[in-house]
Amino acid sequence: MSTAEPAVAPRGSGRLLAAAFAGNRRALVGLGLVAVIAAFCFLGPLLYRTDQVTVQLDLAQLPPSGRYPLGTDASGYDELGRLMQGGQSSLEIGCAVAVVTTVIGTLYGAVAGYVGVIVDAIMMRVIDTFLAIPGIVLLLLLVSMFTPTLRLIVVLLSLLSWLGPARLVRGEVLSLRTREFVQAARMMGGTGGRIVVRHLVPNAAGVIIVSGTFTIADSVLTLSALGYLGLGLPPPHADWGSMLSAGLDYLYDGNWWLVYPAAAILITTVVAFNLIGDALHDALGVRGQSR
Amino acid sequence: MRAYLLRRTGQAVVVVIGVMVVTFALIHLEPGSAARATLGTRATDERIAVFNAANGLNRPLTAQFVSFVKQAAAGNLGTSYSLHQPVSTLIAQRLPRDGVLLGLSTLLALALALPMGIFQAVRRGRAEDHAFTVLSFGLYSIPDFFFGLLLIAIFSVQLHLLPSQAPQAQSIGGILADPRALVLPVLTLALVSMASFSRYVRSSAIITLAQEYIQVARSTGLPERLVLRRHVLRNSLLPVITVLGLSARDIVAGAVIAEAVFNYPGMGQLFFQAATSKDYPILLGSTLVVGVATVIGSLIADIAYSLLDPRIRYVDG
């Protein structure tokens, strides 16, 4: 099926990415949204200082006002400041999971695809096994066994997300390894490790980048689902999902400011990363993982 | 064909064994051991030793694994700590209810996604295509729980059109007898799945539309509606079968959330309650059942695919 040239050359890949972004409105919109949201979460607290540690029940559930632009929540935290702080953990977790899963998934998939035969068969059945156990089931099981911390949640989400990238990279490597340049590298005495790292992985870069972008979006969503199930980050940490589900308890009391801002920023973030992933998918000519 | 079926079935058997190994490993990962979980944290060492001996937990791991497999194969998945009923009974009560909820929502998702994806492919690059793309990106990016609660807020609380709770009947007949209560949970799951299904249909329909046989069909004077129905729809259906097999885990994840939102007494709710009360036999039993069901589901999907599309057998070896 794939007789086309390798999508991304090892050296020009940065330029190719830049070109992919420049020529695509979806990518630019997505990138712009991510930049604005990241600035809001990470630079915002420098300009807009709030106390996100001390519970102040006398200030709880205040509607938006000049002093509290988005009101306060049930613990008396400033909602606007909390959105910034929650965004930091949501974005950090999303990006950390994307990096971890991309590295593990890429190496696993590349080794399986390159070595082939029995090793490949065994490695793929391991993936099938974990794919058979629904992620949320495993996640709930492990979160119920161990107390969730930021690091544990990153580890658990990564444990669930590396399977997709591993399969995609393996598929890509299976078709790459028969190409002339890989055979040439092998004939010139290139070792397996060198061929995987220098030739196969860079040529699968398109697939890897696209799946990494989708992983950020998916991790932010999964984290919010955990927050709804009460298994998100423990207080005083905040994440958008826990904030949103806590706010939903007060929806019928008319406390809209605890619901819609959190929902809007969460959904916008996920849409933004999906837009980037989808645009890169088209621009880099990646098959089989569009949204 | 026979070789392909045999190989694919062999793989499924290996994966089922893998699922059992993982489930068994998880039992032993349980902090504080099964004895502590059952007898409480203040149990004496003597009582724990008696419990372990009575439940065979002092035997070698391999022997324990063999008896775990035998028990599971006989349908014995242990007894719930909190509900004091056999796990197999609890699962057998709830699994058919999930069949109703997930079956209906997946069918609805497909019924919506197929025309939507093909319509987008036909109008590729035009305003209609972009509008539906925005719609599916939006739906895909909304957290399931928020979407469900939003539907409740609109249709139950504001408009008083539909009940906010899923049917509470025990039997399948009872659930189906209350279709109004099924609307919101089914809609929540269906629209989120529709968002991702329609993207696959769109991209496979775009590829199909570019094929020469479509040109041929058009040049014979076949009306465009028939071209779409006979050629594009059928050929775009194929990848959807694979996507269905692969999205089993997302469907289960959606079910856990939707059942929590709409208080639907299915596997998802059983599992979530077990997770919060640390009821390990239920957690592990349902992990095993869902895992095996997923393997069988994707095996059926692959076999269906290979029957419908002979090319796949050659491509895959």
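Residues numbered from 1 in each chain as written. Chains lettered and ligands numbered in written order. Predicted model: local features only at pLDDT ≥ 70, side-chain atom pairs only at ≥ 80, totals over all residues.

### A short note on the overall build of chain A
Then, in step 1: Looking only at helices and strands, one finds 13 helices and 0 strands in chain A.
Then, in step 2: Secondary structure elements of chain A, listed N to C terminal, follow the sequence α-α-α-α-α-α-α-α-α-α-α-α-α.
Then, in step 3: Buried residues in chain A amount to 51% of all 291 residues.
Then, in step 4: Of all intrachain contacts in chain A linking residues separated by at least 6 positions in sequence, the fraction that spans at least 24 positions is 71%. (Helix = DSSP H or I, 4+ residues; strand = E, 2+ residues; numbered from the N terminus. Buried ≥ 20, exposed ≤ 12 C-beta atoms within 10 Å, placed from the backbone. Contact = placed C-beta atoms within 7 Å.)

### Remarks on the overall build of chain B
Then, in step 1: Assigned secondary structure in chain B consists of 15 helices and 0 strands.
Then, in step 2: Taken along the three principal axes of its C-alpha coordinates, chain B extends 85 × 60 × 35 Å.
Then, in step 3: The proportion of buried residues among the 317 residues of chain B is 36%.

### Side note on unusual backbone geometry
Then, in step 1: Positive phi, normally seen in glycine, also occurs at asparagine 263 of chain B, with a value near 50°.
Then, in step 2: Of note, asparagine 263 of chain B is situated in the loop between helix H12 (248-262) and helix H13 (267-276).

### Topic: the confidence of the model for chain A
Note: predicted coordinates in regions of low pLDDT should not be interpreted at a detailed level.
All names here are of chain A.
Then, in step 1: Chain-level pLDDT for chain A is 78 on average; 88% of the residues reach the 70-or-more range.
Then, in step 2: Summarising per-element confidence for chain A, the mean pLDDT is lowest in helix H1 (residues 13-22) (67) and highest in helix H4 (residues 79-115) (86).
Then, in step 3: Counting interchain partners and residues more than four positions distant, the pLDDT-below-50 stretch residues 1-10 has 15 contacts. (pLDDT = per-residue confidence, 0-100.)

### A short note on the interface of chain A and chain B
Then, in step 1: Contact with chain A, which involves 35 residues of that partner, is made by 41 residues of chain B.
Then, in step 2: Every element with two or more residues in the side of chain A that touches chain B is listed here: helix H5 (117-132), helix H6 (135-145), helix H11 (205-228), helix H12 (240-248) and helix H13 (260-283) of chain A.

### What to know about the environment of tyrosine 305 of chain B
Then, in step 1: Looking at where tyrosine 305 of chain B falls in the secondary structure, it is placed in helix H14 (residues 280-308).
Then, in step 2: In the structure, tyrosine 305 of chain B is positioned 89 residues away from valine 216 of chain B in sequence and 25 Å away in space, judged by C-alpha atoms.

### Looking at the packing of helix H8 (residues 163-176) of chain A against H11 of chain A
All names here are of chain A.
Then, in step 1: The N-to-C vectors of H8 and H11 enclose an angle of 165°; their axes lie 9 Å apart at closest approach. It follows from the interaxial angle that H8 and H11 lie roughly antiparallel. For H8 against H11, the interelement crossing comes out right-handed. Note on element contacts: H11 touches H8 through Val207, Ile208 and Ser211, opposite Gly164, Pro165, Leu168, Val169 and Glu172. (Axes fitted to C-alpha atoms, helices over the stretch in contact; angles between N-to-C directions. Parallel < 35°, antiparallel > 145°, perpendicular 65-115°, else oblique. Left-handed = near helix turned anticlockwise from the far one by under 90°.)

### Focus on the environment of aspartate 302 of chain B
Then, in step 1: Structurally, aspartate 302 of chain B is set in helix H14.
Then, in step 2: A C-alpha to C-alpha distance of 8.0 Å links aspartate 302 of chain B and isoleucine 241 of chain B, two positions 61 residues apart in sequence.

### Section: helix H10 (residues 192-203) of chain A
All names here are of chain A.
Then, in step 1: Here H10 is 12 residues long and its end C-alpha atoms lie 15 Å apart, about the 16 Å a rise of 1.5 Å per residue gives.
Then, in step 2: Burial in H10 covers these residues: Ile195, Val196, His199, Leu200, Val201 and Asn203.
Then, in step 3: Where H10 is buried, its residues meet H4, H8, helix H9 (180-187) and H11. (Expected span 1.5 Å × (residues − 1).)

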